[in-house]
Structure formats: C-alpha cells, structure tokens
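Chains, contacts and geometry: an overview
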Amino acid sequence: MKQSVMIKGNAYGITVVLDPQIPFPQLKEDVSAKFRESASFFKNAKMAVSFEGRPLTDEEQMELVGVISDSSAIHVLCVVDTDREKEELFRSKVSRVESPDYNPGQFYKGTLRGGQVLEAEGSIIILGDVNPGGKVIAKGNIIVLGALKGTAYAGISGNDHAFVAALEMDAMQIRIGDVIARSDDARASARTSTPKIAFVEDGNIYVETICKEVINDIKLI
C-alpha cells in the first residue's frame, strides 16, 4: 500500500513528502501518525522542514507544522521553500562563481556563547542562537535559525552582496563587506521576533522583514 506521508532527510533537516490526492483533514491525521511512530528517533531535534508532493497554502503549512510539533519532540525552526524554479535559479547563479577552492557553506548546530568565535570559509547556517559576546565571521552569508544577539561579519573578503539573516535579529553589530552598522543602529532597527535580513544597498546596511519580495531582490554571486 502506498504511504500517504514519507519523511526524508535533507541538507536543512527533513522533507515531508505528501500524497497529492487525499483530503487535507485525512492528511493531517496521517502526518500525526507518522511522526508519532518516529518520535523516539527525532527526540528533541531542532530542524528546518520542507514539504513536497502537493501545493500547500501558508495556513496549511502552519497547520502541518503544528501537527508535527504536537506529535513529536521536534522543534521546527522554519519551513524551507522547495520551489524548483528558485532552486535551479540559485544553482545557475552559484555555478558561475565556482572555483577549485569554492566552499558552498557549512552548518553549525548549537548555541554560540559569549567569547566564542565561529569562522567559515564560505557561507554558514547556524542551527541555534548567537548570544551577546558571540561572534560569527564568514566570507559568504550568515543565516541564524535562532536569535542573533552577538556580532555578525559577513562577506569579510569584501563581498558587499553577502547578507545576514536571523529568525530573531537583535545583533550587537553587523558588518557586511566593508560596511558596518553601529551597535545602536543595528539593534534599534532590527530588534524583533520577526525573521529579518540585513543587506547592503547604496553603501548602507538595511534590515528588513524577510518576505518573498526581499528574497527575490537579494543578489546571489
């Protein structure tokens, strides 16, 4: 018998593959049953989740996230967009800058505490918080799937097309390329529990709420 719900691992966390035919109320019950069966495997994992197999509205995605959280000990950090056209566009842009020493990025899971410094040769995704006094330095982008309360230096090789994003942005200081946002400016404009992204435009760092329009305007090099 064909399973209506399948769970696969991916680079961000897990992908939940959904049957495109069955009614959504039944699908929610099947998702709940599937994650109850797998609860001991995931334990208290913190991860990103993506959905495949059928189109979902934002409301349906949030309902399924709630079902997953209620049926297991998984803490869903965010929902990753799996739009194939966006993925291919991203890959085509990345392919133009690949070189023998190209480093596409890395993951770090855990809390970066005061006095700790995390450095990356490419971009980095942090599955956790960056506490005050913690510092993240990357030649590429910095993405914090948690609270950014320390210091973030992105694009340190002079790349002012890099960006810094966080689920909760309350940074002490943000530097992108050679542009620095002062502590008071960065925190006053960014302090919020809404996911934010910081980027350089016209020689200044701007911090905006993450949305599709802002993401589409971000340049990938």
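Up top is the structure.
Residues numbered from 1 in each chain as written. Predicted model: local features only at pLDDT ≥ 70, side-chain atom pairs only at ≥ 80, totals over all residues. Heavy atoms only, no water.

Bridge count between strand 14 (residues 196-201) and strand 15 (residues 204-209): six bridges; the pairing is antiparallel. Counterpart to F199 in the pairing with strand 15 is Y206. Hairpin remark: strand 14 followed by strand 15, antiparallel, with two residues in the connecting loop; positive phi at D202, about 55 degrees. (Pairing = 2+ DSSP bridges. Helix = DSSP H or I, 4+ residues; strand = E, 2+ residues; numbered from the N terminus.)

What follows covers the sheet that holds strand 13 (residues 179-181). If you walk across this open sheet you meet the five strands as 6-8-10-12-13, and the pairing is mixed. Each of the sheet's edge strands pairs with one partner strand only, and the pair in question is strand 6 (117-120) and strand 13. Neighbour-to-neighbour, the strand axes of this sheet turn through a mean angle of 10 degrees, independent of strand direction. Relative to strand 13, strand 12 (residues 173-176) runs antiparallel, the two being bridged by three bridges. Looking across to strand 13, one finds that R175 is bridged to I180. (Axes fitted to C-alpha atoms, helices over the stretch in contact; angles between N-to-C directions.)

Further remarks concern the sheet that holds strand 9 (residues 142-148). Strand pairing in a sheet takes place through backbone hydrogen bonds and is either antiparallel or parallel in direction. The mixed open sheet is built from six strands, whose spatial order is 5-7-9-11-14-15. Only two strands of the sheet have a single neighbouring strand rather than two, namely strand 5 (106-109) and strand 15. Looking at each pair of strands side by side, their axes are set apart by 25 degrees on average, direction ignored.

What follows deals with the side chain of S4. Mapped onto the fold, S4 is located in the segment before strand 1 (5-9). At a separation of 2.7 Å, a polar atom in the side chain of S4 contacts the side chain of D30. Not counting residues within four places of it along the chain, the set of residues in contact with S4 comprises V17, L18, D19, I22, L27 and D30. (Polar contact = N/O pair within 3.5 Å; in protein donor to acceptor, adjacent residues only side chain to side chain. Contact = heavy atoms within 4.5 Å.)

I142, L148, V164 and I174 are the most contacted members of the largest nonpolar core, which totals 26 residues. Residue contacts for V164: discarding those within four places in its chain leaves I142, L148, A152, A154, M169, I174, I176, K196, I197 and A198. Formed by 20 residues, the second largest nonpolar core is a distinct cluster that contains V5, I14, I22 and V65. (Core = buried A, V, L, I, M, F, W, Y, C linked by side-chain atoms within 4.5 Å. Buried < 20%, exposed > 50% of the residue type's maximum accessible area, 1.4 Å probe, protein only.)

A few words on the pattern of salt bridges. Side chains carrying opposite charge are able to pair once their charged atoms draw close together. Scanning the entire structure with this criterion turns up three salt bridges. Between K28 and E63 there is a salt bridge, with the nearest N and O atoms lying 2.8 Å from each other. Linking K28 in helix 1 (residues 24-37) with E63 in helix 3 (residues 58-71), this pair joins segments that are 35 residues apart in sequence. Overall, E63 belongs to the partly exposed group, its relative accessible area being 35%. The partner of E121 in a salt bridge is K139, with the nearest N and O atoms 3.0 Å apart. With E121 in the loop between strand 6 and strand 7 (124-127) and K139 in the loop between strand 8 (135-138) and strand 9, the pair connects residues that are 18 residues apart, well separated along the chain. (Salt bridge = Lys/Arg side-chain N within 4 Å of Asp/Glu carboxyl O.)

Turning our attention to the environment of G122. Looking at the secondary structure, you find G122 in the loop between strand 6 and strand 7. Relative accessible area serves as the criterion here: at 7%, G122 is assigned to the buried category. When the C-alpha atoms of G122 and N141 are compared, they prove to be 7.4 Å apart, with 19 residues separating the residues in sequence.

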